[in-house]
Amino acid sequence: MIGLISATAAGAAARDRLAAAWPERTRVYDGPVADAVRRAFGECEQLVCFLATGAVVRLVAPLLGGKASDPGVVCVDEGGRFAVALLGGHGGGANELAREVGESLAAQPVVTTATDAVGIPGLDTLGLPFEGDVAGVTRALLDGEPVALEAEVAWPLPPLPLADSGPYRVRVTDRAGEPAAGEVLLRPPTLVVGVGASKGAPVAEVLGLVEETLREAGLSARSVAELATVDAKSEEPGIVLAAERLGVPLVTYPADALAGVAVPNPSDAPLAAVGTPSVAEAAALIGGGGLLVPKRKSAASPAMATCAVVRRPGRGRLAVVGLGPGARDLLTPRAKAELRRASVLVGLDQYVDQIRDLLRPGTRVLESGLGAEEERARTAVAEARGGRAVALIGSGDAGVYAMASPALAEASDDIDVVGVPGVTAALAAGAILGAPLGHDHVSISLSDLHTPWEVIERRVRAAAEADIVVTFYNPRSRGRDWQLPKALGILAEHRVPATPVGVVRNASRPDESSRVTSLGELDPATVDMMTVVTVGNTATRNIAGRMVTPRGYRWQEEPS
């Protein structure tokens, strides 16, 4: 929960705007300001104070406990101009909160954390449990001293200026142990603990077995990703509470699925009890990985719990990112976050140039020219399979005539894939033209480089006969100058010459141009590959120079 505190009418107005925008996330603290800050500080994960920074410093100073426990605090001036991350920039999430508040209130976020200032991701912001000298290693990174990366297990990390060797070290490991001087341990969630238990098994027995097993195997409990068991034990209190105390999810599987997993130590007892010859080993192994600790029983007599431990390999991450039509303000916050998260960027050279300034220092850029789409897709997937965090970029929405399709055709289930939607050219052009897509609509590419013209023509004819608004992508190039006239001719068989047609070139870019004409007057020679052409249906009208397609066909029944 985010506590909101203000002292004046101006501050309260800005406070209420934020409360209205985030009703599920915020709580307003009224009353004397000092009391409100004290209560919010003790009850909330974060605070937004619509007060001067000096006042907030004096109010929170007596309340400070430590970086690991203090909430993040953001100050917003009463004019709503700046959102300052004052306290808990990383651990308390104040840096990100300042950015979110800034976006919601149209305020300028102010973040002064050293790593953020130079574009280096903080070691305590990677989403992984960490141990060791974070301050010292971070200072070394900022000072340009060599910091070595030792990845005992593969895990996708954002770009960090790490070396092969040096006096400082970042170690990615699921092994137990204390960090050395000048070392930070990052604990990736690579371990799955399969658990079986008799009915009524005490939580102390289940949890004790898991902790003892990890300790004796030299594994860190902070790298446990989940406890896994059979569906029949999904509500077994000892297992449920053990997962809660470890702070990990409990994942369950059907008995018949577990029965199909080959295990080294099957048993008749669980087969009779829950329908599978293995619970602990099978539940740990079903998602893949290597068995580190075979099934072992608790020390109680009779033993009521079993467990097994599997290490799942670190999975690479491929984010397929839509950049939108070109304008920076149409690039989504999610897309920006993925660009900064990626250690490898793959894309068309001209698209890379659009967003190069958003990349973190050290991001490896793999760019190529037009016509290399399949090569880029293969490259991105191969980099992700190497355990890296990869962003593959495309214009508009990457799933619309762009890179998502060839990339996902290459990708298998050995990597994580995230799709980041973008504003398509059709939507950007539609907003410029008015409301041409107000009813059913379809997008058709007129490029026959990948699709036979016979297929394209059949689709155009179907859209014409169905009276659907059509947006043509890739309408005309120097080597393809007859396809657009042919497509328009097919539409003209079903629509009158006065049917509105919108032509938008370079939508949302500095040299944007647009016009609304008609099916009978459009000159295809004025169209090129940077243009999208939207042809209305029989209900579309030109109203005050704008294309409008009503949500129904009522207008056709009204006198003109």
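Because the structure is a prediction, the values reported are computed rather than measured. (Residues numbered from 1 in each chain as written. Predicted model: local features only at pLDDT ≥ 70, side-chain atom pairs only at ≥ 80, totals over all residues. Heavy atoms only, no water.)

1. Some remarks on the overall build of the protein
Now for step 1: Of the regular secondary structure elements, the protein holds 19 helices and 28 strands.
Now for step 2: With the principal axes as the frame, the protein shows a C-alpha extent of 90 × 65 × 50 Å.
Now for step 3: Split into buried and exposed, the 560 residues of the protein put 46% on the buried side.
Now for step 4: Sequence separation of at least 24 residues holds for 64% of the intrachain contacts in the protein that already meet a minimum separation of 6.
Now for step 5: Taken together, the 54 basic and 66 acidic charged side chains of the protein have centroids lying 1 Å from each other. (Helix = DSSP H or I, 4+ residues; strand = E, 2+ residues; numbered from the N terminus. Buried < 20%, exposed > 50% of the residue type's maximum accessible area, 1.4 Å probe, protein only. Contact = heavy atoms within 4.5 Å. Lys, Arg positive; Asp, Glu negative; His and termini not counted. Charge placed at Lys NZ, Arg CZ, Asp CG, Glu CD.)

2. What to know about the nonpolar core
Now for step 1: By size, the foremost hydrophobic cluster in this structure holds 23 residues, and its most contacted members are Val193, Val195, Val206, Leu214, Val224, Leu227 and Val309.
Now for step 2: Mapped by element, the contributors of at least two residues to this core are β11 (191-197), α7 (203-216), β12 (224-230), α8 (237-246) and β15 (305-311).
Now for step 3: The element that contributes the greatest number of residues to this core is α7, accounting for 6 residues.
Now for step 4: Discounting chain neighbours no more than four positions away, the residues touching Val195 are Val206, Val210, Leu227, Ala228, Thr229, Ile239, Val279, Ala280, Thr306 and Cys307.
Now for step 5: Residues Ala463, Val470, Leu488 and Ile490 belong to the second largest nonpolar core, which totals 21 residues. (Core = buried A, V, L, I, M, F, W, Y, C linked by side-chain atoms within 4.5 Å.)

3. So, the sheet that holds β11
Now for step 1: Reading across from one edge, β13-β12-β11-β15-β14 is the order of the 5 strands in this open sheet, with mixed pairing throughout. The open sheet has two edge strands with one neighbour each: β13 (250-253) and β14 (290-297). The sheet shows a mean angle of 25 degrees between the axes of neighbouring strands, taken without regard to direction.
Now for step 2: As judged from the 4 bridges shared by β11 and β12, these two strands associate in the parallel manner. (Pairing = 2+ DSSP bridges. Axes fitted to C-alpha atoms, helices over the stretch in contact; angles between N-to-C directions.)

4. Considering the packing of aromatic side chains
Now for step 1: Considering all chains together, one arrives at 2 aromatic pairs under this definition.
Now for step 2: An angle of 55 degrees between the planes, with centres 4.8 Å apart, marks the rings of Tyr401 and Tyr473 as tilted. Note that Tyr401 is positioned in the loop between β19 (389-394) and α15 (404-410) and Tyr473 in strand β23 (residues 469-473), a separation of 72 residues in sequence.
Now for step 3: On the basis of relative accessible area, Tyr473 is assigned to the buried category, the value being 10%.
Now for step 4: Considering the side-chain rings of Trp453 and Trp482, the 5.1 Å spacing of their centres and the 70 degrees angle between planes classify their relative orientation as edge-to-face. Of this pair, Trp453 sits in helix α17 (residues 453-465) while Trp482 sits in the loop between β23 and α18 (483-492), placing them 29 residues apart in sequence.
Now for step 5: Of note, Arg25 hangs over the ring of Trp22, and the distance from its end group to the ring centre comes to 4.3 Å. (Phe/Tyr/Trp six-rings, centres within 6.5 Å; stacked < 30°, edge-to-face > 60°. Lys NZ or Arg CZ within 6 Å of the ring centre and 35° of its normal.)

5. Things to note about the pairing of strand β10 (residues 183-186)
Now for step 1: Alternating residues of β10 divide into Glu183 and Leu185 and Val184 and Leu186, and every residue in both groups is buried.
Now for step 2: With 3 bridges connecting them, strand β7 (residues 130-132) and β10 associate as antiparallel partners. When the bridges of β10 are listed, Gly132 appears paired with Val184.
Now for step 3: Judged from the 4 bridges that link them, strand β9 (residues 168-172) and β10 form a sheet pairing that is parallel.

6. So, α8
Now for step 1: For α8, the complete set of buried residues consists of Gly238, Ile239, Ala242, Ala243 and Leu246. Seen from one end, α8 has its buried residues packed into an arc of 130 degrees, which puts them on one side. In α8, the exposed residues that point more than 90 degrees away from the buried face are Pro237, Glu244 and Arg245.
Now for step 2: One or two positions beyond α8, positive phi appears at Gly247, with a value near 75 degrees. (Arc of directions from axis to C-beta.)

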